[in-house]
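Coordinates in review
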Amino acid sequence: MRDWDHWVLTDAGWTASASPERLTVGDPATGEPIGPAPAGCAEDVERAVAAARRARWGWARTAPADRAACLRRAADRVEAHAGELAELVTREMGKPIGDSRGGVAAGIGTLRQYAELGPLHRGRSLQGAWAATDLMVREPRGVVAVITPWNDPVAIACGLVGAAVATGNCVVHKPSERTPHTGALLAELIAAELPPGVLTVLTGDRRAGEPLAAHPGVDLVAHVGSTATGRAIAAAAVRTGAATLLENGGKDPLIVDAGVDVKWASAQAATGCFANAGQICTSVERVYVHRDVADSFLAALVQRAEELRMGPGLDEETTLGPLVDRAQREIVDRQVRAAVAAGARALTGGRVPEGPGAFYPATVLSGCTDDMEIMRTETFGPVAAVRVVDSFDQALDLACASPYGLAATVLTPSTANAQRAWRELPVGTVKINAVFGGAPGGAAQPVGASGHGFGYGPELLDEMTHAKVVHWTPHP
């Protein structure tokens, strides 16, 4: 494997970052340093983009079946190192090792999915006259900047990189500064099966991300992360003319209707609020529960929260790992304390534990009101913020009242309520009676402050390409 002192991968191989600044990556379970990473700089970006642009025409002209074969070999190579990748994910961002293995497996599956779908991606044709044909063909955009988050670093990167490469693009990947070792290892494994320059990678924080998003040599910026960063990327793209694909933050609601099985509903809510310590893009961040079932639901949810075993992610018995770092923990704790000060009640959790690491307990807050920050802005932590409502109509109105539009979940035995909810909720994904799941290859378009564009599924291939129309008539 590569020399960890070198952090920029181009068509010339791994080279040292031009940045003199270093970031310290720490284990969120212990606080102990894992290793340094460059902060990144414009010179690193320039080298990576230049390498991608040199490779773009050769890769675009490569037969789709040959590109697919490269992706299949890349998936096999990632699979051979799945254990190493999963351990790195847990060490860098803290999630339980079983969840990390699942994320790596999902990434491998996604690479294979796009290896199959890539050669099938096609346009359409029209015949305006007997001797005339219009062709609409899909062509690669060119150079795609892929900027990925830390909360599921392998699965998300594999999806965006896989779709971009399968459709003939070259990629400059910048993983999160919180998971740089994971991102670098994954890129090395995939790039080993691709021609030089097709996949380049650089590490760093905004000192690398900002010049990458604003580089005139980038044709598409694909970003998964915070709303603030997504908006900055969109503003930069207006100046360069690049297309954007953005999955930003969310404040996903969960509606618990009257008549539900309370034990089942509490299990769904616990999964939505506490999985990956609440650090999933589509985590449940606000809960609206019907008054008829509120007391029993809250009691069952508290029991679920207290059954979780908090500890280091590398411990196989852990079911609640730490937050990614103490800065994120401070955001969560500040929102919880502010809610309690404003009248909410912490039924369990709600206090920063003593000891090392960035741990925060699964927390259930009752008595939340609409004006509290914890019900309005993204928390990204293991908190169930609950508001009791008097009717399904009230719950639906409150669930709709948000600038975010990533996803929403409705637990209800009523077909009529389910039908109305999926019609009216202004989000990209509506889940009825299951907080997570969905068919393989599924996709959705976030709306509002949560971004735009298809981030998954076959539709992602359209995002990675542009349509060219050819009108062809015979020579007279």
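The paragraphs below set out a description of the structure included in this document. Since this is a predicted model, take the numbers as computed values, not measurements.

Below, the discussion takes up the overall build of the protein. Regarding its fold elements, the protein presents 14 helices and 22 strands. Here the C-alpha atoms of the protein give a radius of gyration of 23 Å, agreeing with the 23 Å that 2.2 N^0.38 yields for 476 residues. Each of the three principal axes of the protein carries a C-alpha extent, and together these read 75 × 60 × 40 Å. For the protein, the proportion of its 476 residues judged to be buried stands at 54%. In the protein, the proportion of contacts linking residues at least 24 apart, taken out of those at least 6 apart, comes to 74%. Entry remark: accessible area of the protein is about 19,400 Å², with carbon and sulfur atoms responsible for 53%. In the protein, the 43 positive side-chain charges and the 53 negative ones have mean positions that sit 4 Å from each other.

Right, let's talk about the pattern of salt bridges for a bit. Within this structure, the stated rule accounts for 23 salt bridges. Its salt-bridge partner being arginine 53, residue aspartate 219 comes within 3.4 Å of it at the nearest N-O pair. On the criterion of sequence distance, the pair formed by aspartate 219 in the loop between α7 (206-213) and β10 (220-224) and arginine 53 in helix α1 (residues 42-60) is long-range, its members being 166 residues apart. Aspartate 219 sits in the partly exposed class, given a relative accessible area of 25%. The exposure class of arginine 53 is partly exposed, given its relative accessible area of 26%.

This part covers the sheet that holds strand β7 (residues 143-147). An order of β2-β1-β9-β8-β7-β10-β11-β21 is seen for the 8 strands of this open sheet, with the pairing classed as mixed. In this open sheet, the two edge strands, each paired with only one partner strand, are β2 (13-15) and β21 (451-452). Relative to strand β11 (residues 243-247), β10 is paired through 5 bridges, and the arrangement is parallel. Counterpart to leucine 220 in the pairing with β11 is alanine 243. This element, α1, spans β1 (8-10), β2, β7, β8 (170-174) and β9 (199-202) of the sheet and lies at about 155 degrees to β8.

So, on to the packing of aromatic side chains. Applying the stated criterion across every chain, the model contains 1 aromatic pair. Considering the side-chain rings of tryptophan 150 and phenylalanine 380, the 5.6 Å spacing of their centres and the 80 degrees angle between planes classify their relative orientation as edge-to-face. Linking tryptophan 150 in the loop between β7 and α5 (153-166) with phenylalanine 380 in the loop between β15 (363-366) and β16 (383-389), this pair joins segments that are 230 residues apart in sequence. Using a relative accessible area of 9% as the deciding quantity, one classes tryptophan 150 as buried.

With that out of the way, let us pick up unusual backbone geometry. Its identity as a non-glycine residue notwithstanding, asparagine 276 has a phi of 55 degrees, on the positive side. Along the chain, the position of asparagine 276 falls in the loop between α9 (262-274) and β13 (284-290). The class of asparagine 276 is buried, set by a relative accessible area of 8%. Even without glycine at this site, alanine 277 takes up a positive phi of about 55 degrees. In this structure alanine 277 comes out as buried when scored by relative accessible area, which is 2%.

This brings us to α9. Taking 1.5 Å as the rise per residue, α9 with 13 residues should run 18 Å; its terminal C-alpha atoms sit 18 Å apart, in good agreement. Three or more residues of α9 are buried, namely Val262, Ala265, Ser266, Gln268, Ala269, Ala270, Gly272, Cys273 and Phe274. Lining the buried residues of α9 we find β12 (252-256), β13, α10 (291-307), β15, β16 and β18 (407-411). In this structure aspartate 261 caps α9, since a side-chain oxygen of it lies 3.1 Å from the backbone nitrogen of lysine 263. Phi turns positive one or two residues past the end of α9, at asparagine 276, with a value near 55 degrees.

Attention now goes to the environment of leucine 185. Take leucine 185: it is sitting in helix α6 (residues 180-191). The sequence separation of leucine 185 and valine 78 amounts to 107 residues, and the corresponding C-alpha distance is 9.3 Å.

Next up on the list: the sheet that holds strand β14 (residues 345-348). Taken together, 7 strands build an open sheet; the order of strands is β14-β15-β16-β13-β12-β18-β19 and the sheet is mixed. Pairing within the sheet leaves two strands with one partner each, and these edge strands are β14 and β19 (429-432). Mean inter-strand twist for the sheet, computed between neighbouring axes without regard to direction, equals 25 degrees.

To continue, consider the nonpolar core. Leu160, Ile190 and Met464 are the most contacted members of the largest nonpolar core, which has 79 residues in total. The leading source of residues in this core is α5, at 10 residues. Of all hydrophobic cores here, the second largest spans 54 residues; its members include Phe274, Tyr288, Met372 and Leu411.

Rules used throughout
Residues numbered from 1 in each chain as written. Predicted model: local features only at pLDDT ≥ 70, side-chain atom pairs only at ≥ 80, totals over all residues. Heavy atoms only, no water. Helix = DSSP H or I, 4+ residues; strand = E, 2+ residues; numbered from the N terminus. Rg over C-alpha atoms; globule rule 2.2 N^0.38 Å. Buried < 20%, exposed > 50% of the residue type's maximum accessible area, 1.4 Å probe, protein only. Contact = heavy atoms within 4.5 Å. Areas by Shrake-Rupley, 256 points an atom, 1.4 Å probe, with all protein chains shown as cover. Lys, Arg positive; Asp, Glu negative; His and termini not counted. Charge placed at Lys NZ, Arg CZ, Asp CG, Glu CD. Salt bridge = Lys/Arg side-chain N within 4 Å of Asp/Glu carboxyl O. Pairing = 2+ DSSP bridges. Axes fitted to C-alpha atoms, helices over the stretch in contact; angles between N-to-C directions. Phe/Tyr/Trp six-rings, centres within 6.5 Å; stacked < 30°, edge-to-face > 60°. Expected span 1.5 Å × (residues − 1). Polar contact = N/O pair within 3.5 Å; in protein donor to acceptor, adjacent residues only side chain to side chain. Core = buried A, V, L, I, M, F, W, Y, C linked by side-chain atoms within 4.5 Å.

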